[in-house]
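# Residue-level structure breakdown
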Amino acid sequence: MNQPVDTISSWDILVIVLYFLIIIATSVYSTISNKRNTVDSYFLAGRKMTWVFVGASLFASNIGSEHFIGLAGSGAASGLGVAAFELNAMIVIQILGWIFLPVFIASSVATLPEYMNKRFGGNRIRIYLSILSLILYIFTKISVNLYSGALFIKLALGWDLYYSVLLVLGLTGVCTITGGLAAVIYTETIQTVIMIMGGLALMIISYLKIGGYQNLYLKYMDTSNINMSRPNLECALPKQNSFQILRDVSDPDMPWLGFLLGQTPSSIWYWCSDQMMVQRTLAAKSLSHAQGGTLLAGYLKILPLFMIVIPGMISRALFPDTVGCSDPQTCMQVCDSPNGCSNIAYPMLIMNVMPVGLKGVMLAVMLAALMSDLTSIFNSSSTLFTVDIYSQLKKNASNKQLMIVGRLFVLFMVGVGIVWIPVIKNMQGAQLYIYIQSVAAYLSPPIAAVYLLAVLWKRANEKGAFWSLMIGMAVGLVRMFLDFIYYEKPCGQIDDRPAIVKNFHYLYFAVMLFWITVISMIIISLLSRKLENFRLIRTTYWTRMIADKRPDETDDYRILNQSMDHNSEVILNEMELKASKETEVEDGVRNECLSGLMNFVCGFEQLRQQKGDSKKFQIQKQSEAKRRIENFYSLNQSKKSKLILNINLILIVLIAIGLYIFFSIPPQYHIFKNLNKNSTYL
């Protein structure tokens, strides 16, 4: 791979060191200040996060290094179309907050497979979804993040791939193992601030460098660097609709009908039924804070269009011979990939336009994105394995065992990530982000369909859910394997793939797969026996407020719609009983831990009452904790909170629709209507 034009200075290194010190200090602080000795506190941060932390964590968990590499790379390769995924997420995140989350909260679950177990009974759906999620985490999220992060680090610093990735994995694992979700959310909040500040700085500098949006259009559409004598040249030319987001129904990149109907199920899976994202909202102290978090994340999703996609296009305009290379041999020399080098668009921009010091900031941004995604994946994987798999295999596992297993599984995920590095190193593909979306389109629509029907259709049953998942998985795997076997050829070579792969866009396939699953689930559910009535209590949108006691629940404080006084008394009694049990566990653990350091890392700090604490102070702390649980499980919202949240919901939907419309109209009709030039670009 070619060395960068500019290099990292000592000031840049200092900025990177300061970044790591801030992240480590934040993680240590949250580790010390937060209780981590229960499953609820470790995996759900004690359910006490406010809307700012929830929203920032959602955004940081989503915007990983693959976004900076993949979104900018797709922007460089095919224009604004890839921004459609970000605008779609603005709306789908609110579906989580207003439709799915009230049900998940009412059902009092820690993981989404646990919800499926509560909704349908049996364990096969729960275990299947957990295993599938872990597989997806390993082979898509972890692998893609490591690849994109290593790509940037190697280009920017010239470090060995393995050393740089091992360092990041090690720091990420430490932050996750010791601190639990609280440490993850607090560090992700810091990383969100760093990402936004650094990304906006690069955006402004790159806009000034290119000379404005109109100059970007002229230089992006310039073809003077392309060898026009080569055969099959179409793939190398800038697309005429590059400055439109939604395009013709037959467009090979972003067909508007396929996107709206096909990407939405994939987005529902990612935002509404994927453990990594939903876990952040379940950590909120109340439904209002959770919905406020989804709104904040929705507003932040406006940024990638301007902060990542358009700078990626600027990178191609500034470096057409490297980022915009089209000859396979040239591309191999530039970035070790014959399919194109658009994935280096963002790193090239950083290394060539950012001044000293700010290069270090942007490297910290990339490390922040990489680590935030990996910490989210590790913590969510630990939760899935501990709650949905290990606890099913060992029914009587103690609180101590669950905590240790959760931390050990993080180490296992780190090990798998390291072993997978050689495969990542040889991974190819010109548009990393499109690869991610296509894999999701083959596997996620069945999951989204089942969760949608589980929440919205009371007649759905276990047989319908399970067998529709099996049918959807079989159909999706066939198409995915066909894509792996008949991969897209480098630019200039004849595309001899079968028509079903070449002409059947993955977004349209996602539409078909989604409806196959929906129809299968409806038919099988109607032909089989109805579920017991208690399975519907607080597990669908229509029954979330039912106050009846379920036979599979023993926690009386979770019963909804009771008077505040009675409910408070029940919660207080339950908390006192729980505290008594935890104290007994702690007394046993104190004698078993090998050392104070191990005790600290494991999270089994002894709950000692300070002598100076007054009885009044203890009662006040109990009352505050009781009120947090009460507000969270009762789904209570004040009229003022509901009004503010609903106004912002309408506003964010209107903003997303407005951006879709504005950037999908051909630019010569609005932005460039007064552009005077002697060219045929418009």
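The rules behind each value
Residues numbered from 1 in each chain as written. Predicted model: local features only at pLDDT ≥ 70, side-chain atom pairs only at ≥ 80, totals over all residues. Heavy atoms only, no water. Helix = DSSP H or I, 4+ residues; strand = E, 2+ residues; numbered from the N terminus. Buried < 20%, exposed > 50% of the residue type's maximum accessible area, 1.4 Å probe, protein only. Contact = heavy atoms within 4.5 Å. Areas by Shrake-Rupley, 256 points an atom, 1.4 Å probe, with all protein chains shown as cover. Phe/Tyr/Trp six-rings, centres within 6.5 Å; stacked < 30°, edge-to-face > 60°. Lys NZ or Arg CZ within 6 Å of the ring centre and 35° of its normal. pLDDT = per-residue confidence, 0-100. Patch = residues over 30% accessible without salt bridge, like charges linked within 9 Å, V, L, I, M, F, W, Y side chains within 5 Å. Salt bridge = Lys/Arg side-chain N within 4 Å of Asp/Glu carboxyl O. 1 Å grid on protein atoms, 1.4 Å probe; cavity = no way out; pocket = protein on both sides within 12 Å on 5 of 7 lines; lining within 4 Å. Points joined across faces, edges and corners; volume = space filled by probe spheres on them. Nonpolar A, V, L, I, M, F, W, Y, C, P; charged D, E, K, R; others polar. Core = buried A, V, L, I, M, F, W, Y, C linked by side-chain atoms within 4.5 Å. Expected span 1.5 Å × (residues − 1). Bend = angle between axes of the 7 residues up to and from the residue. Axes fitted to C-alpha atoms, helices over the stretch in contact; angles between N-to-C directions. Parallel < 35°, antiparallel > 145°, perpendicular 65-115°, else oblique. Left-handed = near helix turned anticlockwise from the far one by under 90°.

### Remarks on the overall build of the protein
Within the protein, the regular secondary structure consists of 27 helices and zero strands. Per-residue burial for the protein yields a buried fraction of 58% across its 682 residues. Excluding contacts between residues fewer than 6 apart, the proportion of contacts in the protein whose partners are at least 24 apart in sequence is 83%. With the model as given, the accessible surface of the protein reaches about 27700 Å², and the carbon-plus-sulfur share is 63%.

### Observations concerning the environment of Tyr 390
The topology assignment puts Tyr 390 in helix H16 (residues 358-393). Taking relative accessible area as the criterion, Tyr 390 reaches 18% and is therefore assigned buried. Along the primary structure Tyr 390 and Val 405 are separated by 15 residues, whereas in three dimensions their C-alpha atoms are 8.1 Å apart. Sequence-distant contacts of Tyr 390, defined by excluding residues within four places in its chain, comprise Phe 385, Ala 397, Leu 402 and Val 405.

### Observations concerning the packing of aromatic side chains
Taken as a whole and assessed by the stated rule, the structure comprises 20 aromatic pairs. An aromatic cluster is built from Phe 100, Phe 104, Tyr 115 and Tyr 451, whose rings are joined through pairwise contacts. The side chain of Arg 124 reaches across the aromatic face of Phe 466, ending 4.1 Å from its centre. In this structure, Arg 316 is placed above the aromatic ring of Tyr 220, and the distance from its NZ or CZ to the ring centre is 5.3 Å.

### Structural notes on the confidence of the model for the protein
Counting all residues, the mean pLDDT for the protein is 76, and 72% of those residues have values of 70 or more. When pLDDT is averaged over each element of the protein, helix H23 (residues 506-527) comes out on top at 96 and helix H2 (residues 39-44) at the bottom at 43. Here residues 35-46 is modelled with pLDDT under 50, and outside its nearest four sequence neighbours on either side it reaches 61 contacts, counting other chains as well. With pLDDT under 50 throughout, residues 597-613 is counted as low confidence; its partners more than four residues away or in other chains account for 34 contacts.

### Topic: a nonpolar patch on the surface
Residues Trp 11, Ile 13, Leu 14, Val 17, Leu 18, Leu 21 and Val 356 make up a contiguous nonpolar surface patch of roughly 670 Å² in combined accessible area. With respect to the helices and strands, the residue Leu 21 is situated in helix H1 (residues 10-33).

### Examining the pattern of salt bridges
Taken as a whole and judged by the stated rule, the model has five salt bridges. The shortest N-O distance in the salt bridge between Lys 301 and Glu 86 comes to 2.4 Å. One end of the pair, Lys 301, is in the loop between helix H12 (287-300) and helix H13 (303-318); the other, Glu 86, is in helix H5 (residues 84-106), and 215 residues separate them in sequence. For Lys 301, a relative accessible area of 2% gives the class buried. As a salt-bridge pair, Arg 124 and Glu 462 come within 2.6 Å of each other at their nearest N and O atoms. Taken as a pair, Arg 124 in helix H7 (residues 124-157) and Glu 462 in helix H21 (residues 462-485) lie far apart in primary sequence, 338 residues in all. Classification of Glu 462 as buried rests on a relative accessible area of 12%. Here the salt bridges share partners, and the residues they tie into one network are Lys 239, Arg 247 and Asp 253.

### So, the side chain of Ser 528
One can find Ser 528 in the loop between H23 and helix H24 (564-592). A relative accessible area of 13% means that Ser 528 is categorised as buried. Among all residues touching Ser 528, those that are not within four sequence positions of it are Arg 459, Asn 461 and Lys 463.

### What to know about empty space enclosed by the protein
As enumerated under the stated definition, the model contains three cavities of 30 Å³ or more in all. Reported here for the largest cavity is a volume of approximately 420 Å³. Contributing to the lining of the largest cavity are 28 residues, with Trp 269, Tyr 270, Ile 436, Gln 437 and Ala 440 lying nearest its centre. Where the lining of the largest cavity is concerned, the elements lending two or more residues are helix H4 (65-78), H5, H7, helix H10 (256-272), H16 and helix H19 (432-443). The calculated volume of the second largest cavity comes to roughly 60 Å³. If you trace the second largest cavity, you find it lined by Leu 112, Pro 113, Leu 129, Ser 133, Trp 269, Ser 273, Gln 275, Leu 384, Ile 447 and Tyr 451. Among the elements of the structure, helix H6 (112-120), H7 and helix H20 (445-456) are those that each provide at least two residues to the lining of the second largest cavity. A breakdown of the residues in the lining of the second largest cavity according to their chemical character gives seven nonpolar, three polar and no charged.

### A closer look at the nonpolar core
One finds Leu 80 and Leu 216 to be the most contacted residues of the largest nonpolar core, which totals 173 residues. At 18 residues, the largest contribution of residues to this core is made by H7. Excluding residues that lie within four positions of it along the chain, Leu 80 makes contacts with Tyr 213, Ser 242, Phe 243, Gln 244, Ile 245, Arg 247, Leu 305, Val 309, Ile 310, Met 313 and Phe 663.

### Looking at unusual backbone geometry
Non-glycine residue Arg 538 carries a positive phi angle of around 60°. With respect to the helices and strands, the residue Arg 538 is situated in the loop between H23 and H24.

### Re H5
Its 23 residues give H5 an end-to-end C-alpha distance of 33 Å, which sits within 8% of 33 Å, the value for a rise of 1.5 Å per residue. The sharpest bend along H5 measures roughly 50° and falls at Phe 100, with the proline Pro 102 sitting one to four residues further on. H5 sits mainly inside the fold: 20 of its 23 residues count as buried. A positive backbone phi angle near 60° is found at Ser 108, which sits one or two residues after H5.

### Thoughts on H23
Under the 1.5 Å per step criterion, the end-to-end length of H23 is 31 Å for 22 residues, consistent within 8% with the ideal 32 Å. Regarding H23, the residues found buried are Tyr 506, Leu 507, Phe 509, Ala 510, Val 511, Leu 513, Phe 514, Thr 517, Val 518, Ser 520, Met 521 and Ser 525. If you follow the buried residues of H23, they end up packed against H5, H6, H10, H19, H20 and H21.

### What to know about the environment of Asp 388
Tracing the backbone shows Asp 388 in helix H16. Among the residues examined, Asp 388 registers a relative accessible area of 0% and is labelled buried. When sequence neighbours within four positions are dropped, the list of residues in contact with Asp 388 reads Thr 111, Pro 113, Glu 114, Arg 126, Ile 127, Ser 130 and Thr 383.

### Considerations on the packing of H5 against H20
Remark: H5 packs on H20, axes separated minimally by 11 Å, with the N-to-C direction vectors making an angle of 70°. Our classification of the angle between H5 and H20 gives roughly perpendicular. Relative to H20, H5 is oriented so that their crossing is left-handed. Residues Ile 99, Phe 100, Val 103 and Phe 104 of H5 pack against Tyr 451, Leu 452, Val 455 and Leu 456 of H20. Of the residues contributing to the contact of H5 with H20, the split by class is eight nonpolar, no polar and no charged.

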